[in-house]
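Listed here are the chains, written in short residue letters.
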Amino acid sequence: EAQVTQNPRYLITVTGKKLTVTCSQNMNHEYMSWYRQDPGLGLRQIYYSMNVEVTDKGDVPEGYKVSRKEKRNFPLILESPSPNQTSLYFCASSLGLGGAYEQYFGPGTRLTVT
Amino acid sequence: AQKVTQAQTEISVVEKEDVTLDCVYETRDTTYYLFWYKQPPSGELVFLIRRNSFDEQNEISGRYSWNFQKSTSSFNFTITASQVVDSAVYFCALSENSGGGADGLTFGKGTHLIIQP
């Protein structure tokens, strides 16, 4: 089954404790990205990757890191989480760049930073 | 820069009523794509429709229909004979196809639709 998986689905952590949210897709997609969703703000793109070892900032990259060492994986790293990073995070992948390609979203990771 | 506006933050209707969710977009590209997603209370994003800028035909899928009007930069979504299961947050989104930058989806802020039994 074609899918995007994220782990963990729920996470409660404390300020400053490094964490990683994993994202994996099994569709051999070139393009992957991370979004965060906040009430009243919709979804905003954090980082994206057009291929292995190619990543770039989205609209709200501050406080986040990503890596793309393998095509299927695109982890989101919070080196020193802060309460303003409490949010619902979505990973997405697509075959190519641009709206012509459908984006497949993961189930979301709900992160709480206390 | 691209922008999507969903002016309706929350809409509440009684079951079986028709309801229209508004979406207005801004883009400088001539080639772009518009999307609607549904987010039920469980939180996942459910893809509903994608429309490219060259196809202005309205689309109907069961109780759902979409009205794309380039003249007013709008891509409105209508649910006919609403049901309680339609209760969700609905997002309109835009993707340009300029070949540069992120070309990710720009989302509106969402409309929370409440269908009361």
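Residues numbered from 1 in each chain as written. Chains lettered and ligands numbered in written order. Predicted model: local features only at pLDDT ≥ 70, side-chain atom pairs only at ≥ 80, totals over all residues. Heavy atoms only, no water.

1. Quick look at the pattern of salt bridges
Note the threshold: Put simply, a salt bridge is a Lys or Arg side-chain nitrogen that is within 4 Å of an Asp or Glu carboxyl oxygen. The numbering of helices and of strands both runs from the N terminus, where a helix is a DSSP run of H or I of at least 4 residues and a strand a run of E of at least 2. The cut-offs for exposure are 20% and 50% of the maximum accessible area for each residue type, with area from a 1.4 Å probe on protein chains only; residues under the lower value are buried, those over the upper are exposed, and the others partly exposed.
Evaluation of the coordinates by the stated rule reveals eight salt bridges over all chains. A:Lys65 serves as the salt-bridge partner of A:Glu79, at 2.9 Å between the closest nitrogen and oxygen. One end of the pair, A:Glu79, is in the loop between strand E8 (76–78) and strand E9 (87–94); the other, A:Lys65, is in strand E7 (residues 65–66), with 14 residues separating them in the sequence. We note a salt bridge from B:Glu59 to B:Arg51, for which the minimum N-O separation is 2.8 Å. By relative accessible area, which is 30% here, B:Glu59 ends up partly exposed.

2. Side note on the sheet that holds strand E1 (residues 4–7) of chain A
Residues and elements named next belong to chain A. Operational definition: We call two strands paired when DSSP finds no fewer than two bridges between them.
An order of E1-E3-E8-E7 is seen for the four strands of this open sheet, with the pairing classed as antiparallel. Of all the strands in the sheet, the pair left with one neighbour each is E1 and E7. Two strands pair when backbone bridges link them, and E7 and E8 are joined in this way by two bridges, in the antiparallel orientation. Paired with Lys65 across the strands is Ile77, a residue of E8.

3. Some points on the confidence of the model for chain B
Condition: Confidence of the prediction at every residue is given by pLDDT, a number between 0 and 100.
Per-residue pLDDT for chain B has a mean of 92; in total, 94% of the residues score no lower than 70. Within chain B, strand E3 (residues 19–21) of chain B carries the highest mean pLDDT (98), whereas strand E7 (residues 59–61) of chain B carries the lowest (89).

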